[in-house]
Amino acid sequence: MGIKAALPRYEIYFYNTVLGLAMFWAASWIFEVSSSSANRKTFKTSVKPGWYYFGRKMDTADSEWMMWFSTYRDHILFALSGHVLFAKICSMLAPQYRSLVYMVYGLLAVWTSMGWTYVTLMLSHCILLYSISLVKIRWLCFVTGLCTLATFKCEPFVSWQTGFVDGDFELRHILYYGGCGFTIMRCMSFALENCERKDGNYNILELLKYNFYLPFFYFGPIMTFDKFYIQANKSDLTRKEREMWNINLQGLIYLGVIFVVDVLFHFMYILTIPSDLKLLKHVSDWALVGLAYFNLVYDWVKAAVMFGVINTISRLDHLDPPKPPKCITLLYVFAETHFDRGINEWLCKYVYDYLGGKHQNVVEELIATLCTFGVTILWLGPCEVVLIWAFFNCFGLNFELWAAKFFSMEPFASFEMAMSDAMSRRIRAIFNTFNFWCIVLYNILALNNLDFAKLVAKRLFLKGFPFTTIIAMFVTYCLIQVIKERERRQALVDDPDPLPPPPTAATSPTGAAATPATPSAPAAAQPAADPSKEKAE
């Protein structure tokens, strides 16, 4: 079955209608639970007075969201605004030195917020990995980088290095781990790219420019060194047509999303409710399933907004940063599941694609996924939840390849060739439905907790069987078909079908009776129009 397989239009309308009604129905249940439980004792720490205009309490359980857009909003805006101002002045006066100005401003900002001892710690890690990169042994650079990363995850190294940060600034604890983790990943990218360079070595100044670029320093996303080096040092700073308009529009969209999310936090406590297991045991199946789904959607929105704000600033600096992650609403395969596209691209380039090759061999794929999730576990910090999450996602990624290999054999391949494209799409969507819920359940482990994931699985597949299970799977099937329809339309835009050749005298209905004396003969002798021009039109 090709990605361009189409379904009847009325069928797509039906799927959209069912999906819209199901989302509204689940949201109404969550709203009812939120309204009736706003004054519970277990909610006191996270459900606090909200905006005066609404007269309702607000869900503040996500400390990261509150830090960015409420508690430390002014500090973050001040630092990023200063970067934009100095970057603009430098781009106008001395564009050839703009990457150096980015580094100087980043160093000063880190020094001001974290102290000179923290800057010294980061510089020491940069110098260490730079020295190892001069040897140009890939595995040695990788092992050194992973060992360095482990020092921020394992005792007693954590306590020893934390001592380099002093002061009572509440944000320092978060900035410390964010800056350390991303610094090591950037240094590893630099070292691995230096190993690939055949003539000479990169200068250590290039590493410092790359690492201390302030918008990416604390919170990411990670941009691999090869891309940053080319984009930060390009001399042509002319913008494409309507590029500034698109950047401004993107910034306004993110502001609108921030406002909408804050408003929804007054009406649906999707982050606080999963932490109250006593309450969850009494809510309806639809509220529980909706909570699991909306938690993943919210986490994608948070990642898209936080990385989007940083990406907007980096685009002002003439960079092309990693795109926001793909929405969970558009996912049904493990191969595309990620919440940080920068880390995903880093892992794919240096681990997954490097070891897995074309991802056709089962053994190579298994080794590649094990190594990829091994690095991910170290990046996130080894713990029970992370290990369970990594195991199931690693299994899901490999199982997709095993299933594809199995169903490509006979007699399954012949069965699919015999059926229509539309029917093949429907059957594949049924299998993708179960795959989708595996992705949901595996990932709410990391976003919420193990007990919540167990409860959702039990209510969806055991206690709710068959009524809840069948309806939830049918709604998910409708969602998969909506996703596939969107992919089909995008494929037609990216790779439109070639236009059929114009009719000639030999193929027209009257071609057999046409003679050189008839008017149709000269027309048949004319050359056909250039198909590339027709496609462009």
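Residue numbers restart at each chain and count upward from 1, following the sequence in its written direction. In keeping with the predicted nature of the model, local features appear solely for residues at pLDDT of at least 70, side-chain atom pairs appear and are counted solely at 80 or more, and the whole-chain, interface and lining totals rest on all residues. To get the side-chain values, all heavy atoms of the structure are used, and hydrogens and water are removed first.

1. Some words on a nonpolar patch on the surface
Patch definition: residues with relative accessible area over 30% and no salt bridge; like charges joined within 9 Å; nonpolar side chains (Val, Leu, Ile, Met, Phe, Trp, Tyr) joined within 5 Å. For the accessible areas, the method is Shrake-Rupley and the probe is 1.4 Å, while residue cover comes only from the protein chains on display. Salt bridge, as used here, is a side-chain nitrogen of Lys or Arg placed within 4 Å of a carboxyl oxygen of Asp or Glu. Residues Phe406, Phe407, Met409, Met423, Ile427, Ile430, Phe431 and Phe434 make up a contiguous nonpolar surface patch of about 770 Å² in total accessible area. Of all the secondary structure elements, the ones that give two or more residues to the nonpolar patch are α17 (384-407) and α19 (421-447). Ranked by the residues each element gives to the nonpolar patch, the list is headed by α19, at five residues. Helix and strand assignments come from DSSP, with helices taken as H or I runs of at least 4 residues and strands as E runs of at least 2, each series counted from the N terminus. When you line up the elements, Phe434 lands in helix α19. Given a relative accessible area of 48%, Phe434 falls into the partly exposed group. Burial status follows relative accessibility: with a 1.4 Å probe on protein chains alone, a residue under 20% of its type maximum counts as buried, one over 50% as exposed, and anything between as partly exposed.

2. Concerning the packing of aromatic side chains
Side-chain rings of Phe, Tyr and Trp, where Trp is taken by its six-membered ring, are said to pair if the distance between their centres is within 6.5 Å; with planes under 30 degrees apart they count as stacked, over 60 as edge-to-face, and otherwise as tilted. Following the criterion strictly, the structure yields 47 aromatic pairs and no others. A ring pair is formed by Phe334 and Tyr442, whose centres lie 5.7 Å apart and whose planes are at 35 degrees; its orientation type is tilted. Separated by 108 residues along the polypeptide, Phe334 in the loop between α14 (285-316) and α15 (341-356) and Tyr442 in helix α19 bring together distant segments of the chain. Tyr442 matches Phe334 in its accessibility class, with the two residues each being buried. Within the aromatic cluster, the residues linked to one another by ring pairs are Tyr102, Tyr130, Phe190, Tyr202, Tyr210, Tyr213, Phe216, Phe225, Phe228 and Tyr229. Criterion for a charge above a ring: Arg CZ or Lys NZ at most 6 Å from the ring centre, at most 35 degrees from the ring normal. Over the face of the ring belonging to Tyr354 we find Arg138, whose NZ or CZ atom lies 4.0 Å from the ring centre. Over the ring of Tyr202 we find Arg197; its NZ or CZ atom is 4.3 Å from the centre of that ring.

3. Topic: a positive patch on the surface
When charges are tallied, Lys and Arg are placed among the positive residues and Asp and Glu among the negative ones, while His and the ends of the chain are skipped. A charge is said to be at NZ when it belongs to Lys, at CZ for Arg, at CG for Asp and at CD for Glu. Taken together, Lys278, Lys281, Lys454, Lys458 and Lys463 make up a surface patch of like positive charges. Tracing the backbone through its elements, the reader meets Lys458 in helix α20 (residues 450-463).

4. Concerning the packing of helix α3 (residues 73-93) against α14
To get an axis, fit a line to the C-alpha atoms, keeping to the stretch in contact for a helix; angles then go from 0 to 180 degrees between the N-to-C directions. Where α3 contacts α14, the two axes come as close as 10 Å, and the packing angle between them is 15 degrees. Taken together, α3 and α14 sit at an angle that is classed as roughly parallel. The hand of the α3/α14 crossing is left-handed. Contact residues: Leu80, His83 and Val84 in α3; Ile310, Ile313 and Leu316 in α14. Three residue categories are used. Nonpolar comprises Ala, Val, Leu, Ile, Met, Phe, Trp, Tyr, Cys and Pro, charged comprises Asp, Glu, Lys and Arg, and polar comprises the others, including Gly. Each residue belonging to the contact of α3 with α14 can be placed in one class, and the counts come to five nonpolar, one polar and no charged. What sets the label is the angle itself: under 35 degrees gives roughly parallel, over 145 gives roughly antiparallel, 65 to 115 gives roughly perpendicular, and the rest give oblique. A clockwise turn of the near helix away from the far one marks a right-handed crossing, whereas an anticlockwise turn of less than a right angle marks a left-handed crossing. Contacts are assigned to residue pairs that have any heavy atoms within 4.5 Å of one another.

5. Looking at the state of the cysteines
Count a disulfide wherever a pair of cysteine sulfur atoms falls within 2.5 Å. Tallied over the full model, the rule gives zero disulfides. Lacking any disulfide linkage, Cys141 is separated from the closest cysteine sulfur, that of Cys195, by 3.5 Å. Take Cys141: its relative accessible area is 1%, and that puts it in the buried class.

6. A few points about the nonpolar core
Working definition of a nonpolar core: buried Ala, Val, Leu, Ile, Met, Phe, Trp, Tyr and Cys residues. They are joined through side-chain atoms within 4.5 Å. If you look at the biggest cluster of nonpolar residues, it comprises 144 residues, and the most contacted ones within it are Trp65, Tyr118, Trp346 and Ile444. Looking at which element gives the most residues to this core, the answer is α14, with 15 residues. When sequence neighbours within four positions are dropped, the list of residues in contact with Tyr118 reads Val110, Phe164, Val165, Leu175, Tyr176, Gly179, Cys180 and Phe217.

7. With respect to unusual backbone geometry
Look at the link from Gly220 to Pro221: it is a cis peptide, with omega at 5 degrees. In this structure, Pro221 sits in the loop between α10 (214-217) and α11 (225-232). The residue after Glu410, namely Pro411, is reached through a cis peptide bond having omega 5 degrees. Structurally, Pro411 is set in the loop between α17 and α18 (412-418). With phi around 65 degrees, Arg242 is a residue other than glycine that occupies positive phi space. One non-glycine residue, His318, lies in positive phi territory at about 65 degrees. For His318, the position within the fold is in the loop between α14 and α15.

By themselves, these observations are geometric and do not establish any function.
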